[in-house]
Amino acid sequence: MKINIIRGKNQIGGNIIEIFTKQTKILLDAGLELDDEKNEQLPHIPELFEYAGYDAIFATHYHGDHLGLVYKAHKDIPIYMGERSYNIISASDNYNGHDTINPIGFLRHKEEIIVGDITVIPFLCDHSAFDSYMLLCKSGEESILYTGDFRSNGRKPFGMLLSSLPKKINKLICEGTTFSREGYFAETEKSLEEKAFKIFSENKGPVFILQSSMNIDRIVTVYRAAKRTGRIFLEDAYMAGITTAAGEHIPNPNFKDVYAFITNPSKYEFVSKYKRKVGKDKISKMHFVMCVRTTMLSYIKSLSEKMSFENGVLVYSFWSGYKNSESMKEFLSECEALGLKIKTLHTSGHADENAIRMLIETVNPDVIIPVHTENAERFKKIAPEFFVEI
Ligand SMILES: [Zn+2]
Ligand SMILES: [Zn+2]
């Protein structure tokens, strides 16, 4: 098998990774650049966009920097991704009125998919996208493991993943996102839950939480803290669609302490199916944690006219870099002006050095090929006895 990293080697995001033999050619991820200006032109890959030159595309997870270009792929190329991952992005596409993709099959933990002379084996891993997979490609005696994006600090036990992986592989294509910050140690979701519990207990007013509707682990973290402090958990129509699609165990408006709400009357059809839905008047009398997005500022303002925001908090739960955007700055200062205290609560969706080192030791590769990183050299420092191909 040969590897061609079309994109994603010395940058974070935009992964496009080609694996091929004499008779089979597949792609692992086909993502957009994180910098949207770079996405105006499609990369020059005619066999992906103009004709079906690949036997299959395997998407490790639904983040745009891994899945975005799959939407633009030639319709005759078969697509594989996680089933719940697909349910989530199709719920998002449905809400936004976008066309969705049409996978031919779904990735399941350790279930082989054979394409020509390449066998792909998915391994369920933890990441800030739900239902993410590492992909092991085998052909003859050769094996290549691609990590996609992963972490050890989520709710899935990392040891279980490590024990299910092979103990010897030829090549490891490994993400190194957190290497931009040397010595970074990833806090766990469990520890975040304790911090959220403290914030929700100490501040008796309304709590708003600004976070990604697609980050299911974080939704669980915040829901658990809300439950422990006797607060109702409020999800808007978009988030409720996603949590419902993610599976029955994820907090959604079928839970007795979760309610759906809408910020725009035209979206009523998206909440009509839920048993538990609630309007602004009732919300203003509730003790709640409300999940919000920056686009909901006018809704938050109108709620402030119906209830006191005294001892209220807005919890910022994104990567800190987003705080520099003009729209975020404006949102946060408007929330402060409404009397909300701004608190930050976040941990990375990516593996820290310890976790990457543990993975490398477990699969014992002949060669490490860094991707999704701005500091590939760091692999040589954390795994000096291994060969790193930069
Ligand atoms: Zn990524
Ligand atoms: Zn990701």
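Residues numbered from 1 in each chain as written. Chains lettered and ligands numbered in written order. Predicted model: local features only at pLDDT ≥ 70, side-chain atom pairs only at ≥ 80, totals over all residues. Heavy atoms only, no water.

A separate point is the packing of aromatic side chains. Under the definition given, this model contains 14 aromatic pairs. Pairing Y95 with Y238 gives two aromatic rings, centres 5.1 Å apart and planes at 55°, and the pair type is tilted. Residue Y95 is located in helix α3 (residues 83-96), and its partner Y238 is located in helix α7 (residues 237-246); the two are separated by 143 residues in the primary sequence. A residue is classified by how much of its surface remains accessible, and Y95, at 14% relative accessible area, is buried. One aromatic cluster in this structure is built from Y316, F318, W319 and Y322. The ring of Y54 carries K25 above its face, with NZ or CZ at 5.0 Å from the centroid. (Phe/Tyr/Trp six-rings, centres within 6.5 Å; stacked < 30°, edge-to-face > 60°. Helix = DSSP H or I, 4+ residues; strand = E, 2+ residues; numbered from the N terminus. Buried < 20%, exposed > 50% of the residue type's maximum accessible area, 1.4 Å probe, protein only. Lys NZ or Arg CZ within 6 Å of the ring centre and 35° of its normal.)

Let's shift gears to the domain arrangement of the protein. Under the domain assignment used here, the protein contains domain 1 (2-182 + 350-388) and domain 2 (189-344). If you average the C-alpha positions of domain 1 and of domain 2, the two centres end up 31 Å apart. Taken together, the 17 residues of domain 1 in the interface contact 20 residues of domain 2. Where domain 1 abuts domain 2, roughly 1600 Å² becomes buried across the two surfaces, and 56% of that area is made up of carbon and sulfur atoms. Where domain 1 packs against domain 2, one counts 3 salt bridges. Across the salt bridge formed by D217 and R151, the nearest N and O atoms sit 2.8 Å from each other. Summed over the shared surface of domain 1 and domain 2, the result is 8 residue pairs in polar contact (both at pLDDT 80 or more). Each residue belonging to the side of domain 1 that touches domain 2 can be placed in one class, and the counts come to 6 nonpolar, 7 polar and 4 charged. (Domains from an automatic or database assignment. Contact = heavy atoms within 4.5 Å. Buried area = accessible area lost by both parts, 1.4 Å probe. Salt bridge = Lys/Arg side-chain N within 4 Å of Asp/Glu carboxyl O. Polar contact = N/O pair within 3.5 Å; in protein donor to acceptor, adjacent residues only side chain to side chain. Nonpolar A, V, L, I, M, F, W, Y, C, P; charged D, E, K, R; others polar.)

Coordination of the zinc ion (ligand 1) by the protein is provided by D65 (OD), H66 (NE2), D149 (OD) and H372 (NE2), with metal-donor distances spanning 2.1 to 2.2 Å. If you look at the zinc ion (ligand 1), its 4 donor atoms make angles of 82 to 165° with each other, and the shape they trace is irregular. The motif formed by the donor residues of the zinc ion (ligand 1), counted along the single chain, is D-H-x82-D-x222-H. Taken as an interatomic distance, the gap from the zinc ion (ligand 1) to the zinc ion (ligand 2) is 3.4 Å; D149 donates to each of them. Linking H66 in helix α2 (residues 64-67) with H372 in the loop between β18 (365-371) and α12 (378-382), this pair joins segments that are 306 residues apart in sequence. (Donors = N, O, S within 2.8 Å, 3.2 Å for Na, K, Ca; no water. Tetrahedral: all angles 85-135°; square planar, octahedral: opposite > 155°, others 65-115°.)

For G159, the location among the structural elements is in helix α4 (residues 158-164). On the basis of relative accessible area, G159 is assigned to the partly exposed category, the value being 46%. As for G159 and L359, which are separated by 200 residues in sequence, their C-alpha atoms are 9.8 Å apart.

It is worth spelling out the packing of helix α9 (residues 297-304) against helix α10 (residues 326-337) at this point. In the contact formed by α9 and α10, the axes pass within 11 Å of each other and the chain directions differ by 0°. In terms of orientation, α9 lies roughly parallel with respect to α10. Counted together, L297, I300 and K301 of α9 and F331, E334 and C335 of α10 form the full contact between these two elements. Taken together, the residues of the contact of α9 with α10 sort by class into 4 nonpolar, no polar and 2 charged. (Axes fitted to C-alpha atoms, helices over the stretch in contact; angles between N-to-C directions. Parallel < 35°, antiparallel > 145°, perpendicular 65-115°, else oblique.)

Coordination of the zinc ion (ligand 2) by the protein comes from H61 (NE2), H63 (ND1), H127 (NE2) and D149 (OD), over a distance range of 2.1 to 2.3 Å. Every donor counted, the 4 donor atoms about the zinc ion (ligand 2) form angles of 90 to 165° at the centre, which fits irregular coordination. Owing to a relative accessible area of 2%, H127 belongs among the buried residues under this scheme.

Phi angles above zero are rare outside glycine, and N311 is one such case at about 55°. Positionally, N311 belongs in the loop between α9 and β16 (313-316). Of note in this structure, N364 is not a glycine but carries a positive phi near 45°. As for its position among the elements, N364 is in the loop between α11 (353-363) and β18.

The strand order across the open sheet built from 7 strands is β7-β8-β9-β10-β11-β18-β19, with neighbouring strands paired in mixed fashion. Because the sheet does not close on itself, it has two edges, and the strands there are β7 (113-115) and β19 (387-388). Here strand β8 (residues 118-125) pairs with strand β9 (residues 132-139) via 7 bridges, running antiparallel. Note on β9: the bridge partner recorded for L124 is Y133. Strands β9, β10 (142-146), β11 (169-175) and β18 of the sheet are contacted by α11, whose axis makes an angle of about 165° with β11. (Pairing = 2+ DSSP bridges.)

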